[in-house]
Amino acid sequence: MPQLNWNDSKNLFSKLTFRRFVNAVKVLCSFYVSRFLKRPVQWGYPVSISFEPTTSCNLRCPECPSGLRQFSRPTGMLKNDFFTRTIDEIHKELLYLIFYFQGEPYLNPDFLKMVKYASDKKIYTATSTNAHYLTDEIAKKTVESGLDRLIISIDGTTQDVYQQYRVGGNLEKVLAGARNIVKWKKQLKSKTPFVFFQFLVVKPNQHQIEEIKQLAKEVGVDEVRFKTAQVYDYKTDPNNLIPTIDKYSRYKKNADGTYIPKNKLANRCWKLQHANVITWDGLVVPCCFDKDAMHQLGNLKTQSFKEIWHNDNYKQFRSQLMKSRKNIDICANCSEGVSVWKE
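Residues numbered from 1 in each chain as written. Predicted model: local features only at pLDDT ≥ 70, side-chain atom pairs only at ≥ 80, totals over all residues. Heavy atoms only, no water.

Novice: Can you tell me about the overall build of the protein chain, naming the residues and giving the values?
Specialist: Along the backbone of the protein chain there are 12 helices and 12 strands. Here the protein chain has a C-alpha radius of gyration of 20 Å; the compact-globule value for 343 residues is 20 Å, and the two agree. With respect to the three principal axes, the spread of C-alpha positions in the protein chain is 55 × 50 × 40 Å. Every one of the 343 residues in the protein chain was classed for burial, and the buried ones make up 55%. About 15600 Å² of surface is accessible on the protein chain, with carbon and sulfur atoms providing 53% of the total. If you average the places of the 52 positive and of the 34 negative side-chain charges in the protein chain, the two averages end up 6 Å apart. (Helix = DSSP H or I, 4+ residues; strand = E, 2+ residues; numbered from the N terminus. Rg over C-alpha atoms; globule rule 2.2 N^0.38 Å. Buried < 20%, exposed > 50% of the residue type's maximum accessible area, 1.4 Å probe, protein only. Areas by Shrake-Rupley, 256 points an atom, 1.4 Å probe, with all protein chains shown as cover. Lys, Arg positive; Asp, Glu negative; His and termini not counted. Charge placed at Lys NZ, Arg CZ, Asp CG, Glu CD.)

Quick look at the structure:
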C-alpha cells in the first residue's frame, strides 16, 4: 500500500468496512503463514487493485513502454461497462483502487465516470497523471468525482530540465493543471483529492530537489514525494539517468562502472499477496512491473476475478516466486523498499 499522511490515512480508514477489514487480516495472515511454511498460502482477495484506463500517452518518456510506443500488447481504452461489472464483483473486499498502470488516464473519456462509480462504492481511489489535461472544467469534475488521491508527475522545475525526461511535455500546463485542482478543492470545500507532486529523481534533475519543494508550496499541493527511477538497461544506463545521489537510486555502482540493483530478492512478495493489475482489455497480471503483460494469470473476458485469484496459473506463479524469485524476469528490477520518499 502507498505511504499515507495523517489526513490521507483518515480518509482511507473511513472506507474500511468490517468485511474489508476481515479480508485484509486474511491476506496479511496468509503472507506470514506462507513464509513460515515456505509454500504459498492465499486467503482472502486483493486489498488493492490497479486498473489500467488506457495504454495511450501524450508524452514520450525514455524509460516508459507507453511513451516509447514499444508495447507488444495492443493499445486501447478501458470500457466503462467492463469496469463496472468487475467492480460489482469485488468491491465488498476491495479497499484501494489505483486507476493507473501504463498510459495517461485522462485520455480515456470515461475515466472520471469510472472514478465516480468506484467512489460511490466507498472504495479509496487514486490515480497518477502527467497533468496536461487538467483544464479548469476537468479539474472541477475531478474534485466532484470523489477521487481520493491525485499524483502529479513533475520531474523538473524549469522547462529545459523537465522536458529531458518528460519528452514532449509542457511544464506550464502541468503547473496550471495543479493550480486548477487546488482552486476547485477550495471552491467546493473538498478535502479530496489529496494532491502531491511526484518527482522522479534522475541525473538531469537531481539539482532541483530543493526547488521542487518550494514550487509545491507556491502551487499549494499537499505534499512532495521523490521517486527512484526504474532503468531497464541499468547495467550500462545508456540514457544517463541514474542519479549520483545514492539515496535516490535503485542501483549501486560497481568498480567497473556498471550498476546492479540495491535490493536483494527474497523468495517472497507482499505485493503479489495483497494486490494485482488489470489491463484495459481484461488481462490479470501479477504487478506493475509486468508492463507488457507477459505473465498472464487470467482473462476477465472468460473468467470471473475471484476464479482467477485462486486458479492454477496464480498458484503456479506464487510457487515459482517462493522457490526462485530471481529467475522471474519482472522481479529482477523490482524497487520494493527503495521506491518513494516523503520529504
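Read on for the rest.
Novice: A description of helix α6 (residues 136–145) should follow, citing residues and the corresponding values.
Specialist: Listing the buried residues of α6 in full gives A139, T142, V143 and S145. One side of α6 holds all its buried residues, which, seen down the axis, span an arc of 160°. Where the residues of α6 are buried, they touch α5 (111–120) and α8 (171–187). Just downstream of α6, G146 is the residue with a positive phi angle, here 90°. (Arc of directions from axis to C-beta. Contact = heavy atoms within 4.5 Å.)

Novice: A description of the packing of aromatic side chains should follow, citing residues and the corresponding values.
Specialist: As enumerated under the stated definition, the model contains 14 aromatic pairs in all. Here F31 and W270 contribute two aromatic rings whose centre-to-centre distance is 5.3 Å and whose plane-to-plane angle is 65°, an arrangement assigned as edge-to-face. Of this pair, F31 sits in helix α2 (residues 18–37) while W270 sits in helix α10 (residues 270–274), placing them 239 residues apart in sequence. Exposure remark for F31: the relative accessible area of 8% places this residue in the buried category. An angle of 70° between the planes, with centres 4.9 Å apart, marks the rings of Y106 and F111 as edge-to-face. (Phe/Tyr/Trp six-rings, centres within 6.5 Å; stacked < 30°, edge-to-face > 60°.)

Novice: Tell me what's going on with helix α12 (residues 312–324), and back it up with residues and numbers.
Specialist: The terminal C-alpha atoms of α12, which comprises 13 residues, lie 18 Å apart, in line with the 18 Å expected from a rise of 1.5 Å per residue. Inspection of α12 places Y314, F317, R318, L321, M322 and S324 among the buried residues, and these make up the whole buried set. Where α12 is buried, its residues meet α2, α10, β9 (275–278), β10 (283–285) and α11 (305–309). Where α12 begins, the capping side chain belongs to N311, and its oxygen is found 3.1 Å from the backbone nitrogen of N313. (Expected span 1.5 Å × (residues − 1). Polar contact = N/O pair within 3.5 Å; in protein donor to acceptor, adjacent residues only side chain to side chain.)

Novice: Give a detailed account of the state of the cysteines, specifying residues and quantitative values.
Specialist: For the coordinates displayed, the defined rule picks out zero disulfides. For C29, which is in no disulfide, the shortest distance to another cysteine sulfur is to C269 and amounts to 18 Å. Residue C29 is classed as partly exposed on the basis of its relative accessible area, which comes to 38%. Of all cysteine sulfurs in the structure, the one in C269 sits closest to C331, which takes part in no disulfide; the separation is 6.4 Å. By relative accessible area, which is 7% here, C331 ends up buried. (Disulfide = S-S within 2.5 Å.)

Novice: Account for the packing of α6 against α8, with residues named and values stated.
Specialist: The contact between α6 and α8 brings their axes to 8 Å, and the two run at 50°. On the basis of the axis angle, α6 is oblique to α8. The handedness of the crossing between α6 and α8 is right-handed. Touching D136, A139, K140, T142 and V143 of α6 are N180, I181, K183, W184 and K185, all from α8. Taken together, the residues that form the contact of α6 with α8 break down as four nonpolar, two polar and four charged. (Axes fitted to C-alpha atoms, helices over the stretch in contact; angles between N-to-C directions. Parallel < 35°, antiparallel > 145°, perpendicular 65-115°, else oblique. Left-handed = near helix turned anticlockwise from the far one by under 90°. Nonpolar A, V, L, I, M, F, W, Y, C, P; charged D, E, K, R; others polar.)

Novice: Describe the packing of helix α4 (residues 80–90) against α5, and please don't skip the residues or the numbers.
Specialist: At a minimum axis separation of 10 Å, α4 and α5 run at an interaxial angle of 15°. It follows from the interaxial angle that α4 and α5 lie roughly parallel. Two packed elements cross with a definite hand, and for α4 against α5 that hand is right-handed. On α5, the residues that touch N80, F83, T84, I87 and D88 of α4 are K113, M114, Y117 and A118. Here the residues of the contact of α4 with α5 sort into five nonpolar, two polar and two charged.

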